[in-house]
Amino acid sequence: MQRKWSCIAWRGVRYDRGMRQVVLLFLTVLLVLGRPATVGAQIYRWVDDNGVPHFAEGIGSVPDRYRARAVPLGLKNAPAPDPSAPDAGGAKPGSSGGTTIRFSPGQRIMVDVRINGSAAARLLLDTGADRTLISPRALQAAGVRIAAPAATGQIVSATGSEQIQFVVVDSLEIGDARVGRMPVGSYNLPATDVGDGLLGRDFLDQFNVNIDSSRGVVTLAPK
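Calculation criteria
Residues numbered from 1 in each chain as written. Predicted model: local features only at pLDDT ≥ 70, side-chain atom pairs only at ≥ 80, totals over all residues. Heavy atoms only, no water. Helix = DSSP H or I, 4+ residues; strand = E, 2+ residues; numbered from the N terminus. Buried < 20%, exposed > 50% of the residue type's maximum accessible area, 1.4 Å probe, protein only. Contact = heavy atoms within 4.5 Å. Areas by Shrake-Rupley, 256 points an atom, 1.4 Å probe, with all protein chains shown as cover. Salt bridge = Lys/Arg side-chain N within 4 Å of Asp/Glu carboxyl O. Polar contact = N/O pair within 3.5 Å; in protein donor to acceptor, adjacent residues only side chain to side chain. Phe/Tyr/Trp six-rings, centres within 6.5 Å; stacked < 30°, edge-to-face > 60°. Core = buried A, V, L, I, M, F, W, Y, C linked by side-chain atoms within 4.5 Å. Pairing = 2+ DSSP bridges. Axes fitted to C-alpha atoms, helices over the stretch in contact; angles between N-to-C directions.

Asker: How should the overall build of the chain be read in this particular structure?
Answerer: A count of helices and strands for the chain gives two helices and 17 strands. When the 223 residues of the chain are sorted by exposure, 45% land in the buried category. Sequence separation of 24 or more characterises 63% of the internal contacts of the chain that already satisfy a separation of 6 or more. A total of about 11,400 Å² of accessible surface is found on the chain, and carbon and sulfur atoms cover 50% of it.

Asker: I'm lost on the pattern of salt bridges in this one. Help?
Answerer: A side chain with one charge may pair with a side chain of the opposite charge, provided their charged atoms come close. Taken as a whole and assessed by the stated rule, the structure comprises nine salt bridges. Taking the shortest distance from any N to any O, the salt bridge between Glu 173 and Arg 114 comes out at 2.8 Å. Taken together, the positions of Glu 173 in strand β13 (residues 160-174) and Arg 114 in strand β9 (residues 110-115) put the pair 59 residues apart, joining distant regions of the chain. The partner of Arg 181 in a salt bridge is Asp 170, with the nearest N and O atoms 3.0 Å apart. In this pair, Arg 181 is assigned in strand β14 (residues 177-186) and Asp 170 in strand β13, connecting sequence segments 11 residues apart. Each of Asp 49, Arg 65 and Arg 69 takes part in one network of salt bridges that share partners.

Asker: Before we go on, may I ask you to explain the side chain of Glu 173 in this structure?
Answerer: Taking the relative accessible area as the measure of exposure, Glu 173 reaches 11% and is therefore buried. Polar contacts involving the side chain of Glu 173 include one to the side chain of Arg 114, which spans 2.8 Å. In contact with Glu 173, not counting residues within four places along its chain, are Asp 112, Val 113, Arg 114, Gly 117 and Arg 178.

Asker: Help me out: how do you make sense of the packing of aromatic side chains in this one?
Answerer: Geometrically, a pair of aromatic rings is defined through the distance of the ring centres and the angle of the planes. For the structure shown, the criterion picks out one aromatic pair. On the numbers, 5.3 Å between centres and 40° between planes, the contact of Phe 203 with Phe 207 is tilted.

Asker: Help me out: how do you make sense of the nonpolar core in this one?
Answerer: General note: in soluble globular proteins, nonpolar side chains tend to be found buried as a group. With 31 residues, the main nonpolar core has Ile 115, Phe 203 and Leu 220 as its most contacted residues. Elements supplying a minimum of two residues to this core: β9, β10 (119-125), α1 (136-141), β13, β14, α2 (201-204) and β17 (217-222). Apart from residues no more than four positions distant in its own chain, Ile 115 is found in contact with Ala 121, Ile 134, Ala 138, Ala 142, Val 144, Val 169, Ser 171 and Leu 172. Among the nonpolar cores identified, the runner-up in size contains 12 residues, and Leu 133, Ala 151, Val 194 and Leu 198 belong to it.

Asker: Teacher, can you tell me more about the pairing of β9 here?
Answerer: Where β9 lies against β10, six bridges are found, and the strand directions are antiparallel. Bridge pairing in β10 links Arg 114 to Ala 120. Linking β9 back to β10 in an antiparallel pair, the connection comprises three residues, with Asn 116 at a positive phi of about 55°. As judged from the two bridges shared by β9 and β13, these two strands associate in the antiparallel manner. Note on β13: the bridge partner recorded for Ile 115 is Leu 172.

Asker: Even after reading the chapter, I still don't get the environment of Ala 177, so can you show me in this structure?
Answerer: When you line up the elements, Ala 177 lands in strand β14. Along the primary structure Ala 177 and Thr 100 are separated by 77 residues, whereas in three dimensions their C-alpha atoms are 9.1 Å apart.

Asker: How do you make sense of unusual backbone geometry when you look at a structure like this?
Answerer: Of all residues except glycine, most have a negative phi; of all peptide bonds, most are trans. The phi angle at Asn 116 is positive, at roughly 55°, despite the residue not being glycine. Residue position: Asn 116 is located in the loop between β9 and β10. Its identity is not glycine, yet Arg 181 carries a phi of approximately 45°, on the positive side.

Asker: Help me understand the sheet that holds strand β8 (residues 99-102), please; the structure alone is not making it clear to me.
Answerer: The pairing of strands in a sheet comes from backbone hydrogen bonds and takes either a parallel or an antiparallel form. Across the sheet, which stays open at both edges, the three strands sit in the order β8-β17-β16 with antiparallel pairing between neighbours. Either end of the sheet is taken by a strand with one partner, and the two such strands are β8 and β16 (207-212). Each adjacent strand pair in this sheet contributes to an overall mean axis angle of 15°, direction not counted. Summarising the sheet, β16 and β17 pair through six bridges and their orientation is antiparallel. Each residue of the ladder has a partner; that of Asn 210, found in β17, is Thr 219.

Asker: For this particular structure, what's the right way to read the side chain of Ser 135?
Answerer: Relative to the elements of secondary structure, Ser 135 occurs in the loop between β11 (133-134) and α1. Judged by its relative accessible area of 8%, Ser 135 is buried. Not counting residues within four places of it along the chain, the set of residues in contact with Ser 135 comprises Tyr 187, Asn 188 and Asp 196.

Everything listed here is a matter of coordinates, which is why it stays silent on function.
Here you go:
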C-alpha cells in the first residue's frame, strides 16, 4: 500500500545576528518500499538518468548501466542491533521527556542529538523547517540503512532542484526529550557551518517549545 505525504515547504534560518536565510526548500515526499540490508557491504552512491540519487550496498547492487559512475562513500552497513539491547526492535512512535538547550544569544542554535540511542550528531535548530535533515554519514554511524530509503523528496532552491531520500530512525533524542521512530531526510546541506543537518518541526512539534532569545535558553517540555 502506498502512502503519499503532502507537499512541504520550509526556510532554513541561521540564528545569527543577521538572521539570514540559508535555503528555501520545497519537498514532495512519496513513500516507497525498502530493501533488506547486507551487513558489512560498502555503500555506493549513484544517480539515475532522472537525476535521482540512490545508495546501494555493494557495487553488485548498482544497476549495470550506472556502475561506472557509482561512487564509494567509505561507509559500510552497521551490524544488526543486539536483540537483548533495550531499544532493539522495540522503538515506538511518540515523544517523551523534556530538556533545556543553551546557546549564545544572537547566534544560531546548535543542538547535540542522539540518533537511535547512541550515535551523536549536531543539528541546527530551525523552527521554519518542516522536516529534519541529517547527513548520510551521521545516519550511517547510527546504523540507519541509508541504502533502503522509506521515501523520496525534491528540494527546489534558487540554484535548482535536487532529489533526496528519507529514511526512518528508531529514535531521536536531545537530553531527556525523545521522539521514537520518525522519518528524516538523508542529505548533506550545502552550507558547511550547520553541523550535521537541520532539526525541524517534525521533532519540535512533539513538545511545547519556548525560545528565550535574551537568555539564550530553549526549553522543550512534554505536551
